[in-house]
Amino acid sequence: MEGIVFGLLLVVLFFANVPIAVTLLIATIGFILVSGDFPLEIVAQRMWGGVTSSILSAIPMYILAAILMNNMGVTERIFRFALALVGHLRGGLYYVNILASVIFSGMSGSNTADVAGLGKIEIKAMVDANYDRAYSAAVTAASSIIGPIIPPSIILVVYAQLASVSTGRLFLAGILPGLVMAACLSLIVFVLVRHRAAAGDPLPRATAGEVMRRARDGLFALIAPAIIVGGMTLGIVTPSEAGVLAVCYSLLLGVVYRSLSFRLLVKSLHEAALFSGAILLIIAASGAFGWAVNIMQVPEAVGDTIQAITDRPWLALLMINLGLLMLGCLEAGSAALVVVAPVLIYLGGLYGIDPVHLGIIAAINLTLGSMTPPVALSLFISARIAGVPMRAAVIASLPFFLALLASLLIVTFVPAFSLALPNWLMGS
Amino acid sequence: MLRLERLLQRTEELAALLLVAALALLIGGQIAFRYLFDDPLSWSEELTTFLLISLTFVAATAVLKRGEHFSIDTFLASLPRAARRIVEIAGLALQAVVMLALAYYSFNLARLYEGTETVVLGIPEEAKAYVMVYCFLSMALHLGVRLVRSLAAHP
């Protein structure tokens, strides 16, 4: 009975636009009230416990670093660097869009920071060069999906906390899959610009001097992931300390570029605090929610059901992907991960799937939700920037979605893409 | 009441901003003291945890007041206006009651932890629960105000 109440409350409140974190809490309270076996104080206690790990302090730091980069114009320099490198190709601004997102991924752990910051610059350049607006919005949303896969990544920090996996291993594991995603997107752009009138005006090739000048800016930006991942892999800093180093590095760039001001710093701190609050409350609520899910033995029930269908890990992986994709359509990113984590971790153990590999699969699936309706937050933002109706953006995003789906399947069924780097650098 | 609400929101946003800055300074200090002065801060972990818990609830309160928490609005938006209003009012009422309940149970939790403190800095453990009590009460107040406003508005 308590299980039915728990499930019903979840579904009804999700659909009633109640915040995800509050929905998780109400479902947990409903479970406790119906079961009558536990004191309600446990909800507050588990919420508190959900955010006691100091690893989680990395989240506001990564958010702050990304916001500082956006506000201080570092993203614009990344864009110009990518433009100097590949802007002259046919449909060059699509490639610029993808390359700039890969570089920005190394500083930002969130795809919305990519769309809202870098996306504005990219879409404006594409519209000015007479690129198709709907495709411009679509490629911006699609390339932003790489953001949370290449370190640093908020969703991977959340997964590391929930699954008790090393954040350093997860960060290393995300690098190659992120590049696979970029390669698949570039491939679809290559096909697209040859078969459809999606490319805009051709841009002149940058001179060697210009490339060198832009490369200097780009190089500064490329140092950020090296600081974060390198520092953690070498055991010099913890994940949260790496976040602060990224913040310090952003501030240093602000001083070098003369774009840092006290007002901008306060504005960035304000934005980071609000964004962090939204994510951290969900993690706090997941402390109580995860407890209830485990008491009800939901992971075991789901595991038994899937095991009754198949005992083959590859088929189980396919079913996990499908389930995560469907969940991602309703709610993307860390919020969805928190809901599904207990089941996911149990299934991983059941089928002998490496938890690091599983973390990357989950991160790609759930971030993809940012470009799939009905939620499609990234696509929604990029469509608004491009000034196209959401319907047109959704249709245009289809080829890019398929490219990302292909990369997801590659990463899923070739675990070496996720595991080679962490095993090589940190031992298996 | 509205003025109090606005004052609370401004204070909470300022507090959240300062908590992020304090976290950054503290974690940065950890690195500096460990590598530059070869003298790791033994107390920093305790303070980081306290600041993080405070940031979570204070910032979440500010976000709730801005209506910026993650939620799924697609289905509600597709309902007829009258039905949407009923669902919104019911949702607000339920959330307000839950926040009041959470404030009450956080208060009980605070009393349960009274007399305990962290090992190095001696931060009273119940202080974390009291931060939660305040934040849940502030959220309940805001939801209550929104509920009254929604009820008073013409359908």
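Residues numbered from 1 in each chain as written. Chains lettered and ligands numbered in written order. Predicted model: local features only at pLDDT ≥ 70, side-chain atom pairs only at ≥ 80, totals over all residues. Heavy atoms only, no water.

Caption draft 1: Inspection of the overall build of chain A at higher detail. The helix and strand tally for chain A stands at 20 helices and zero strands. At 21 Å, chain A has a C-alpha radius of gyration in line with the 22 Å of a compact globule built from 428 residues. Seen through its C-alpha atoms, chain A measures out along the principal axes to roughly 70 × 50 × 45 Å. Across chain A, contacts joining residues at least 24 apart in sequence account for 81% of those joining residues at least 6 apart. Summing over all exposed atoms, chain A offers an accessible surface of approximately 15,400 Å²; the carbon and sulfur share of this is 67%. One way to put it: in chain A the 20 positive side-chain charges average out to a point 16 Å from where the 18 negative ones average out. (Helix = DSSP H or I, 4+ residues; strand = E, 2+ residues; numbered from the N terminus. Rg over C-alpha atoms; globule rule 2.2 N^0.38 Å. Contact = heavy atoms within 4.5 Å. Areas by Shrake-Rupley, 256 points an atom, 1.4 Å probe, with all protein chains shown as cover. Lys, Arg positive; Asp, Glu negative; His and termini not counted. Charge placed at Lys NZ, Arg CZ, Asp CG, Glu CD.)

Caption draft 2: Focus on the nonpolar core. In this structure, Ile59 and Phe400 of chain A together with Phe57 of chain B are the most contacted members of the largest nonpolar core, which totals 198 residues. When residues of this core are sorted by domain, at least three fall in each of domain 1 (1-38) and domain 2 (55-426) of chain A. When sequence neighbours within four positions are dropped, the list of residues in contact with isoleucine 59 of chain A reads Ile154, Val157, Val158, Ile279, Leu280 and Ile283 of chain A. (Core = buried A, V, L, I, M, F, W, Y, C linked by side-chain atoms within 4.5 Å. Buried < 20%, exposed > 50% of the residue type's maximum accessible area, 1.4 Å probe, protein only. Domains from an automatic or database assignment.)

Caption draft 3: Geometry of the domain arrangement of chain A. All names here are of chain A. Considered domain by domain, chain A is made up of domain 1 (1-38) and domain 2 (55-426). Between the C-alpha centres of domain 1 and domain 2 there is a distance of 30 Å. Contact with domain 1, which involves 14 residues of that partner, is made by 16 residues of domain 2. On the surface where domain 1 and domain 2 come into contact, there are zero salt bridges. Applying the counting criterion to the domain 1 and domain 2 interface returns zero residue pairs in polar contact (both at pLDDT 80 or more). Secondary-structure elements contributing two or more residues to the side of domain 1 that touches domain 2 are helix H1 (2-15) and helix H2 (20-35). A per-element tally of the side of domain 1 that touches domain 2 places H2 first, with seven residues. Its residues placed into classes, the side of domain 1 that touches domain 2 shows 11 nonpolar, two polar and one charged. (Salt bridge = Lys/Arg side-chain N within 4 Å of Asp/Glu carboxyl O. Polar contact = N/O pair within 3.5 Å; in protein donor to acceptor, adjacent residues only side chain to side chain. Nonpolar A, V, L, I, M, F, W, Y, C, P; charged D, E, K, R; others polar.)

Caption draft 4: Quick look at the environment of phenylalanine 31 of chain A. Residues and elements named next belong to chain A. Among the secondary structure elements, phenylalanine 31 is positioned in helix H2. According to the relative accessible area criterion, phenylalanine 31 is buried, its value standing at 2%. Along the backbone, phenylalanine 31 and glycine 328 are 297 residues apart, and their C-alpha atoms lie at a distance of 25 Å. Filtering out sequence-adjacent residues up to four positions away, phenylalanine 31 remains in contact with Glu2, Phe6, Phe38, Trp291, Ala292, Ile295 and Met296.

Caption draft 5: Structural detail: a nonpolar patch on the surface. All names here are of chain A. A cluster of nonpolar side chains, contributed by Met1, Ile4, Leu8, Val12, Leu33 and Val34, occupies part of the molecular surface with about 620 Å² of accessible area. For the nonpolar patch, the elements supplying multiple residues, two or more each, are H1 and H2. Among the elements that take part in the nonpolar patch, H1 stands out by supplying three residues, more than any other. Following the sequence through the fold, methionine 1 ends up in the segment before H1. (Patch = residues over 30% accessible without salt bridge, like charges linked within 9 Å, V, L, I, M, F, W, Y side chains within 5 Å.)

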